[in-house]
Amino acid sequence: PAFTSDGLHIITKLPVPRGGGYDILADGRPLMRVTGAEIYMAPKGPGFLAVVWTPFINSARQSFLTAGNQKIPGSECLGNAGINHVYFTEDAKHYAVSCQNSNTAYWVMADGKKGQEYTMVSPVVFTADGRPVYTGHMNNKNFLVVGQEESEAYDQIHGEAQRPRDA
């Protein structure tokens, strides 16, 4: 079980007896039944996101993102690795996820908007106004992405984006 950041709600994941999969409960009431899920609590308030997995079909599965029990349109990630990171802004008003569709296809979705595919993406941090910032690598070039805007191509980008330190 996990409490939401405001401490007002409890989210529980219970195995389904003899049926496989899990029941996700919110405050003891059924929220959804899934094959598999990982719950991510927002750092502030009552919100949470869930990464949900479908069953394996022909050795492949899909993952997608939900806000509560509502699937977020366009969040489907078709690779076995699936959605592998969930990020929130400190005020919990914005989120981003990164998806690994295959060994060479990654993308970031922020606030429901899917970004461009790259062969690699860095961890995501946020600007003060909630825009995601990350680097993407494609065709031996590197790009800095701020919000939905991609920089010109660089041979190298040194360092990793970090959250600003409080003064």
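Going by the structure above, here's the rest.
Residues numbered from 1 in each chain as written. Predicted model: local features only at pLDDT ≥ 70, side-chain atom pairs only at ≥ 80, totals over all residues. Heavy atoms only, no water.

Draft legend 1. Expanded view of the overall build of the protein chain. Counting secondary structure elements, the protein chain contains zero helices and 17 strands. Across its three principal directions, the C-alpha atoms of the protein chain cover 55 × 50 × 25 Å. Buried residues in the protein chain amount to 37% of all 167 residues. The long-range share in the protein chain, meaning contacts at least 24 apart out of those at least 6 apart in sequence, stands at 24%. Side-chain charges of the protein chain comprise 14 positive and 16 negative groups, with the mean position of each set lying 7 Å from the other. (Helix = DSSP H or I, 4+ residues; strand = E, 2+ residues; numbered from the N terminus. Buried < 20%, exposed > 50% of the residue type's maximum accessible area, 1.4 Å probe, protein only. Contact = heavy atoms within 4.5 Å. Lys, Arg positive; Asp, Glu negative; His and termini not counted. Charge placed at Lys NZ, Arg CZ, Asp CG, Glu CD.)

Draft legend 2. Representation of the packing of aromatic side chains in the model. Enumeration over the complete set of coordinates arrives at one aromatic pair. For the pair Tyr118 and Phe143, a centre-to-centre distance of 6.1 Å together with 40 degrees between the ring planes defines the contact as tilted. Linking Tyr118 in the loop between strand S12 (113-114) and strand S13 (120-121) with Phe143 in strand S16 (residues 141-146), this pair joins segments that are 25 residues apart in sequence. Just as Tyr118 is buried, Phe143 falls in that class too. Its end group placed over the ring of Tyr22, Lys13 keeps NZ or CZ at 5.0 Å from the ring centre. Lying across the ring of Phe64, Lys71 places its NZ or CZ 4.7 Å from the centre. (Phe/Tyr/Trp six-rings, centres within 6.5 Å; stacked < 30°, edge-to-face > 60°. Lys NZ or Arg CZ within 6 Å of the ring centre and 35° of its normal.)

Draft legend 3. Seen up close, the state of the cysteines. Applying the stated rule across the entire model yields one disulfide. Here Cys77 is linked by a disulfide to Cys99, with a sulfur-sulfur distance of 1.6 Å. What sets the handedness of the Cys77 and Cys99 disulfide is the S-S torsion sign, and at about 80 degrees it is right-handed. Highlighted residues: Cys77 in the loop between strand S8 (70-71) and strand S9 (82-88) and Cys99 in strand S10 (residues 95-102), separated in sequence by 22 residues. Look at Cys77 and you get buried, because its relative accessible area is 0%. (Disulfide = S-S within 2.5 Å.)

Draft legend 4. Examining the pairing of strand S4 (residues 29-34) more closely. The pairing of strand S3 (residues 22-26) with S4 spans five bridges and is classified as antiparallel. Following the sheet pairing, Leu25 is matched in S4 by Pro30. Counted along the chain from S3 to the antiparallel partner S4, the turn is two residues long, and its residue Asp27 has a positive phi close to 55 degrees. (Pairing = 2+ DSSP bridges.)

Draft legend 5. Quick peek at the sheet that holds S9. Strand order in the open sheet made by the four strands is S9-S10-S11-S12, with antiparallel pairing throughout. Edge strands, defined here as strands with exactly one partner in the open sheet, are S9 and S12. As paired strands, strand S11 (residues 105-110) and S12 are joined by two bridges and run antiparallel to one another. Considered in S12, the bridge of Ala110 is made with Lys113.

Draft legend 6. Broad picture of the side chain of Thr12. Structurally, the position occupied by Thr12 is in strand S2 (residues 10-15). Since its relative accessible area comes to 17%, Thr12 is described here as buried. Each residue touching Thr12, except ones within four places of it in the same chain, is listed here: Pro1, Asp23, Ile24 and Leu25.

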